[in-house]
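# Structural description and commentary
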Amino acid sequence: MSNQIKIQLPDGSLREVPQGATPLEIANSISPRLAAAVVAARVRPIALVASSANQAALEHSEEEMYSGHHSASERIIGLNTPLQEDLALELLKESDADALQVARHSAAHIMATALLELFPETKLGHGPATENGFFYDVYRETPLTEADLAAVEQRMAEVVQRDEPFVQIFQPREQVLSEYAARGEFMKVHFIERFTAPGEAISLYRNGGFTDFCRGPHVPSTGRVKAFRITSIAGAYWLGDEKNQQLQRIYGTAFFNAKDLEAHFKRLEEVKARDHRVLGKQLDLFSIQEVAGAGLIFWHPKGGLIRKTMEDWMRQECIRRGYHMVFTPHIMRRELWKISGHEGYYADNMYPPMELDDAEYRLKPMNCPGHILIYKNSPKSYRDLPQRYAELGNVYRYERSGTMHGLLRVRGFTQDDAHVFCTPEQICGEIEACLDFAEAVLKTFGFQEYRVELSTRDPNKAGEFVGSEADWNHAEGALKSVLSGRGLSFQTFPGEAAFYGPKIDVKLVDVLGRPWQLSTVQFDFNLPKRFELEYIGEDGSAHQPVMVHRALFGSVERFFGVLIEHYAGSFPLWLAPLQVGLVPISEKHHAYAHSVQQRLEAAGLRVETDLSNQKMNAKIRDFGLQKVPFILVVGDKEAASDSVSVRVRAKGDQGSLTVAEFQQRATRLISEYAMELL
RNA sequence: GCUGAUGUAGCUCAGUGGUAGAGCACUCCCUUGGUAAGGGAGAGGUCAUGGGUUCAAGCCCCAUCAUCAGCUCCA
């Protein structure tokens, strides 16, 4: 006679079932059709009636995957997992995001199954689900080739066809360990030793002839993974440490149906189409040239114009907000970098010294020491503070060869860098001003969404951080109070601070939902000390100023890259390198087009007329491909009425306006930094 | 830096050991038009670089450089 347990269903109803009943049995008792449709189950203690709508997606950290200790009170279980206690139970259908994660994890097992059937000597690492699919880390003396993967993919289809049930089994840890050890499965041995305790019965999942150390959950059988593809193969270090041997990481993705799979690849194509490297070429914005060196950017006329517009806005805004624009040298004596500490801590990222007659020089990787020298050049009174120095400073950092990525990771770049030197009393106001500025940047450039992160020191590792406890507490308190004062929600990351001070990072979220780390506001307790910075206080004695680093674009190059992808090359009018394309219908209309161009240019608009002897359709197409905001068609009708026929990017023909009306509208949109063209 | 892939005309790409190709772009000619490609002709290439194998190399081998996908590291 077994005990009864209470199961609460999402509608709030309670059921009594025997202890050890499975979610599948419960589903069957509701309806066999439901049982056929469900994939997995979500359970939580019955007392906690949280709303399930906003639950974050299940995170498949390595720890969770193997340890069985879920951080959240809620967890996902397989349909055949016996229920032992009172629980709130939600049966997950294919439409549930967590169900897809489960299926992808199962797909990783299916891939491992296929792989071992074809290449039995392969050693397995781990195979989790990821945001977009799954992977499995494997090791083989002769690496797998892409041709091998095609065979694996084919075999996977057979494994799915066989519809092998996923069965959870428990075995004594020592037995499993010795079996794995006997087969040379060094990675599995490592994971079991790390994530399970001696004497435990450990969880394995078996499908057909394949058994894997895994705590699940899984879909009921391999047949439930209906649409999948192996996508790529790449290297990955064992345990993520580059000193360790390299494994092969085989990536794939899986869905419940072919339609979703296709949609996934279609979305990838769309992402590719807005890749800043692709658009940079198509729109002739910038290039990187092998003959000049990797990671070094050439800004072409159109990209250069956008950059100038960005920089003009930034400089103007800096001046308006009380910054002084300064300029500092690109190379400075090695001595300076010794004082700043970069020689010691940052040398790996710096270009090597150049020897000149008098001394050795190094290219600057950061602007801070230059701004500090300006500060130090004359004595400062508390009345002089705050001093805010801003510079669009070109810095050069040696990035390792495999790490460059278009505009987003380069060796030479321009920081919109500023340093604020102020008294401790002024610090809150300065931080506040920096955040206000950062928000203005995001808003002006069209980013609606962003995340704020506060990085503080790890109190347990105080020794690794420079500065007194009181300084840190004051600084962290200032950052927090300013963030809360502005009503910003933020996440705190203890231990993530730089060794020299706590910081606030602003991550913008682009139109595809991808986060980008750009703006940063950082305290610095290190450099003021190293450079012995001072100001004379009200009391007549010397004090050390507080120093704040702040960059808002982060780097002009990276910000531009993100901007290109955010807008997919269709820049708002004020940023568009070419704002108006003029299309004369035939040669007769060249003179009128010319007069329109002159008037619009006089109003500050960037205009180009297509004088080629193509048909107007072709001219419209050409401007359209260049993503020009406004295309103006002019023919007899327009010439007679001093008007233009307006075609708006992505919206098509919008009818006629007089030249004056169009000009007014365009200049208004520009002065408002408008995102839309109407 | 590591693993793997790639590098052919301005761009996108064919070309698997025997005379370097296509489409688009470019130049010229014809065409003078009403909202996303009118027609014709022409020009354009040290096949990434440097070695090697071969009677013969874009193609096979080695090295280097760059790019791409990851890993690692970062604005």
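The structure this text deals with has already been given above.
Residues numbered from 1 in each chain as written. Chains lettered and ligands numbered in written order. Predicted model: local features only at pLDDT ≥ 70, side-chain atom pairs only at ≥ 80, totals over all residues. Heavy atoms only, no water.

## Focus: the overall build of chain A
Within chain A, the regular secondary structure consists of 21 helices and 32 strands. Its C-alpha atoms give chain A principal-axis dimensions of about 90 × 80 × 55 Å. In chain A, which comprises 678 residues, the share counted as buried stands at 51%. Long-range pairs, those at least 24 residues apart, make up 71% of the contacts in chain A between residues at least 6 apart in sequence. Summing over all exposed atoms, chain A offers an accessible surface of approximately 31900 Å²; the carbon and sulfur share of this is 50%. (Helix = DSSP H or I, 4+ residues; strand = E, 2+ residues; numbered from the N terminus. Buried < 20%, exposed > 50% of the residue type's maximum accessible area, 1.4 Å probe, protein only. Contact = heavy atoms within 4.5 Å. Areas by Shrake-Rupley, 256 points an atom, 1.4 Å probe, with all protein chains shown as cover.)

## Considerations on the protein's contact with RNA strand B
In the region of RNA strand B, 49 residues are neighbours, and Tyr237, Gln246, Ser401, Ile585 and Ser645 sit closest. Within the contact set of RNA strand B, a phosphate oxygen lies 3.5 Å away from a side-chain nitrogen or oxygen of Lys281. One of the backbone N or O atoms of Asp636 is found 3.1 Å from a base oxygen in RNA strand B. Of all the secondary-structure elements, those providing two or more residues to the surface near RNA strand B are strand E11 (227–237), strand E12 (246–255), helix H9 (276–282), helix H19 (616–625), helix H20 (636–641) and strand E31 (643–648). Tallying contributions element by element places H19 first for the surface near RNA strand B, with 7 residues. Classifying every residue of the surface near RNA strand B by side-chain character gives 14 nonpolar, 16 polar and 19 charged. (Near = heavy atom within 4 Å. Polar contact = N/O pair within 3.5 Å; in protein donor to acceptor, adjacent residues only side chain to side chain. Nonpolar A, V, L, I, M, F, W, Y, C, P; charged D, E, K, R; others polar.)

## A look at the packing of aromatic side chains
Counted under the stated rule, the structure contains 27 aromatic pairs. Between Trp299 and Phe560, the aromatic rings sit 5.0 Å apart at their centres with planes inclined by 25°, giving stacked as the arrangement. Of the two residues, Trp299 sits in strand E14 (residues 297–299) while Phe560 sits in helix H17 (residues 556–567), which places them 261 residues apart along the sequence. Looking at Phe560, the relative accessible area reads 0%, which means it is buried. Between Phe445 and Phe559, the ring centres sit 5.2 Å apart and the planes meet at 90°, which makes this aromatic pair edge-to-face. (Phe/Tyr/Trp six-rings, centres within 6.5 Å; stacked < 30°, edge-to-face > 60°.)

## With respect to the side chain of Ser221
With respect to the secondary-structure elements, Ser221 resides in the loop between strand E10 (210–213) and E11. Polar contacts involving the side chain of Ser221 include one to the side chain of Asp163, which spans 2.5 Å.

## Looking at the sheet that holds strand E17 (residues 354–355)
With respect to topology, 3 strands assemble into an open sheet ordered E16-E18-E17, the strand pairing being antiparallel. Each having just a single partner strand, strand E16 (331–333) and E17 make up the two edges of the open sheet. Bridge analysis of E17 against strand E18 (residues 360–363) gives 2 bridges, and the strand direction is antiparallel. By the bridge assignment for E18, Glu355 is matched with Glu360. (Pairing = 2+ DSSP bridges.)

## Section: helix H14 (residues 427–444)
Given a rise of 1.5 Å per residue, 18 residues ought to cover 26 Å, and the 26 Å separating the end C-alpha atoms of H14 matches this to within 8%. Listed in full, the buried residues belonging to H14 are Ile427, Glu430, Ile431, Cys434, Leu435, Phe437, Ala438, Ala440, Val441, Leu442 and Thr444. Two residues or fewer after H14 comes Gly446, characterised by a positive phi angle close to 90°. (Expected span 1.5 Å × (residues − 1).)

## As for the packing of helix H10 (residues 301–320) against H17
Where H10 meets H17, the closest approach of the two axes is 11 Å, and the angle between their N-to-C directions is 110°. With respect to their mutual orientation, H10 and H17 come out roughly perpendicular. The two elements H10 and H17 meet at a crossing, and its hand is right-handed. Of H17, the residues touching H10 (which contributes Gly303, Ile306, Arg307 and Met310) are Val556, Glu557, Phe559, Phe560 and Leu563. For the contact of H10 with H17, a count of residues per class yields 6 nonpolar, 1 polar and 2 charged. (Axes fitted to C-alpha atoms, helices over the stretch in contact; angles between N-to-C directions. Parallel < 35°, antiparallel > 145°, perpendicular 65-115°, else oblique. Left-handed = near helix turned anticlockwise from the far one by under 90°.)

## Some points on the pattern of salt bridges
Enumeration according to the criterion identifies 40 salt bridges in this entry. Residues Asp137 and Arg249 are paired through a salt bridge, measuring 2.6 Å at the closest nitrogen-oxygen approach. Residue Asp137 is found in strand E7 (residues 134–139), and its partner Arg249 is found in strand E12; the two are separated by 112 residues along the sequence. Judged by relative accessible area, Asp137 falls into the buried class, the value being 4%. Judged by relative accessible area, which is 18%, Arg249 ranks as buried. One salt bridge in this structure joins Lys507 and Glu453, with 3.6 Å as the shortest N-O distance. A residue pair is termed long-range when its members are at least 10 positions apart, and Lys507 in strand E23 (residues 503–509) and Glu453 in strand E21 (residues 449–456) qualify at 54 residues. A relative accessible area of 11% means that Glu453 is categorised as buried. Residues joined by salt bridges that share partners form a network here, namely Glu317, Arg320, Arg321, Glu432, Asp436, Glu439 and Arg486. (Salt bridge = Lys/Arg side-chain N within 4 Å of Asp/Glu carboxyl O.)

## Examining the sheet that holds strand E22 (residues 490–494)
Adjacent strands of a sheet form backbone hydrogen bonds with each other and so pair up, either parallel or antiparallel. Overall, mixed pairing links the 8 strands, which are arranged E15-E19-E20-E27-E24-E23-E21-E22 in an open sheet. This sheet does not close on itself; its edge strands, each paired only once, are strand E15 (324–325) and E22. Pairing analysis gives 10 bridges linking strand E19 (residues 387–396) to strand E20 (residues 412–422), with the strands arranged antiparallel. Paired with Tyr389 across the two strands is His419, which belongs to E20.

## Focus on unusual backbone geometry
Residue Pro217 is bonded to the preceding Gly216 through a cis peptide linkage, with omega at 0°. Here Pro217 lies in the loop between E10 and E11. In this chain, Leu385 is followed by Pro386 through a cis amide linkage whose omega measures -5°. Here Pro386 is to be found in the loop between helix H13 (368–376) and E19. You will see that Glu532, though not glycine, has its phi angle at about 55°, which is positive. Along the chain, Glu532 turns up in the loop between helix H16 (527–530) and strand E25 (535–536). On the accessibility criterion, Glu532 (60% relative accessible area) is exposed.

## Examining a nonpolar patch on the surface
A contiguous nonpolar patch, built from Ile331, Met354 and Leu356 and spanning about 220 Å² of accessible area, is present on the exposed surface. The class for Leu356 is partly exposed, based on a relative accessible area of 39%. (Patch = residues over 30% accessible without salt bridge, like charges linked within 9 Å, V, L, I, M, F, W, Y side chains within 5 Å.)

## Some remarks on the packing of helix H6 (residues 173–182) against helix H7 (residues 186–195)
Direction vectors running N to C along H6 and H7 enclose 160°, while the axes themselves pass 8 Å from each other. The orientation of H6 with respect to H7, classified from their angle, is roughly antiparallel. The interaxial crossing formed by H6 with H7 has left-handed handedness. Across the interface between the two elements, Arg173, Val176, Leu177, Tyr180 and Ala181 from H6 touch Lys188, Val189, Ile192 and Glu193 from H7. Taken together, the residues of the contact of H6 with H7 sort by class into 6 nonpolar, no polar and 3 charged.

## Digging into the pairing of E18
The pairing of E16 with E18 spans 3 bridges and is antiparallel. In the sheet register, Arg333 faces E18, and the bridge partner there is Tyr361. Connecting E17 to the antiparallel partner E18 that follows it, the hairpin turn spans 4 residues.

Scope: geometric values only; no functional claims are made or implied.
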